[in-house]
Amino acid sequence: GISGGQGRLLAKRLSERYEVCGVDRMPWEGAPRNIRVHTLDLRKKRFRNILRTEQPDAVVHLAFVRHFRSPSAVRHEVNVNGTRRLLEQCAESDIDRVVVLSSSYVYGALPDNPRYLREDNPLNVSRTFPEMRDLAEVEGLVGAFVWQYPSIATSVLRPVNTLGYYVHSAIGTYLKLDILPTVTGYDPMMQFIHEEDLSEAIVLALEKRLHGVYNVAGPGAVPLKAAIRAIGRTYISVPEPIIGYLIRQLFRFKVYRFPESALDFIKYPCTVSGERFARATGFKPLFSLEDIFASVAK
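Here's what I pulled together on the structure shown here.

Digging into the sheet that holds strand S6 (residues 161-163)
Thinking step 1. One open sheet accounts for three strands, arranged S6-S8-S10; its pairing is mixed. The sheet is open, and its two borders are formed by S6 and strand S10 (221-223), each paired with just one other strand. Pairs of neighbouring strands in the sheet enclose a mean axial angle of 50 degrees, with direction left out of account.
Thinking step 2. Its contacts with the sheet put helix H7 (residues 195-207) on S6 and strand S8 (189-194), and the angle it makes with S8 is roughly 75 degrees.

If you want it as structure tokens, here you go:
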């Protein structure tokens, strides 16, 4: 996933100290000369040849279909089966570190969520947001891989909402609407992290040779409506029966990237504790909430 926004940022950050190569189905036009990019689907047999030729010490897996316009079968094939094949080939190679980028969304947004979810809380996203089931399945694959290959330092990072200039996320698209629909009577706390801070977190996971699952939190939590105002947008409170229809129409006409089943994430909190990651790595976000909101401000 090197050609995506987060992949490019991470590759440039790593190339300051390490030799970097990457694979992506999409080309990276204008890639720096010191970064080798292979335009290839990691599910193809030729990917194994790239591993044999490049002989990487570490792999960062960012190659997921994170939007919801692709058919569910396509998302499952890329996200779940693609990850399975990647892990199989990592086990056959001399790779000693693997980092997989998941999402804090795997916990699900539920009315009875604790104030800060920790890594041992159950993954409930499939209950109310089936389109995110793939990431929960991916984490199951990685968990089995960790148990089978303890000598490979394998970690899963669950970052909060990522915003910035280069990264294109569903929450970013929502926050860029001129008028944002919110659910009448709800104003959940939300967390954000800057794309550059997330790149730093991935680097730390590699350098510290982390094992296991880690939440990656940003500088704090803020009510959704306060975030909307800080970005310079306007929101409109819509009764729940109506907003479901509205989101269906926005999704249908490709204005809103979240399906209706994502509605709970603008109703209920899904905030996480990043203490475990901070203790393991010393991570402290450099970008404040003000900085994050300024990066996507109107």
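Continuing now.
Remarks on the environment of Asp-291
Thinking step 1. Positionally, Asp-291 belongs in helix H11 (residues 289-294).
Thinking step 2. When its relative accessible area of 36% is taken as the criterion, Asp-291 is described as partly exposed.
Thinking step 3. In the structure, Asp-291 is positioned 97 residues away from His-194 in sequence and 8.1 Å away in space, judged by C-alpha atoms.

Looking at the sheet that holds strand S5 (residues 153-159)
Thinking step 1. Here we have four strands laid out as an open sheet, ordered S3-S4-S5-S9, and parallel in their pairing. Looking at the sheet topology across the chains shown, the edges are occupied by strand S3 (58-61) and strand S9 (212-216). Adjacent strand axes in the sheet meet at a mean angle of 20 degrees, parallel and antiparallel pairs treated alike.
Thinking step 2. Summarising the sheet, S3 and strand S4 (residues 97-101) pair through four bridges and their orientation is parallel. Paired with Val-60 across the two strands is Val-99, which belongs to S4.
Thinking step 3. Across the face of the sheet, helix H5 (residues 133-148) comes into contact with S4, S5 and S9 while running at roughly 155 degrees to S5.

Cut-offs applied
- Residues numbered from 1 in each chain as written.
- Predicted model: local features only at pLDDT ≥ 70, side-chain atom pairs only at ≥ 80, totals over all residues.
- Heavy atoms only, no water.
- Pairing = 2+ DSSP bridges.
- Helix = DSSP H or I, 4+ residues; strand = E, 2+ residues; numbered from the N terminus.
- Axes fitted to C-alpha atoms, helices over the stretch in contact; angles between N-to-C directions.
- Contact = heavy atoms within 4.5 Å.
- Buried < 20%, exposed > 50% of the residue type's maximum accessible area, 1.4 Å probe, protein only.

These results come straight from atomic positions and should not be treated as a statement about function.
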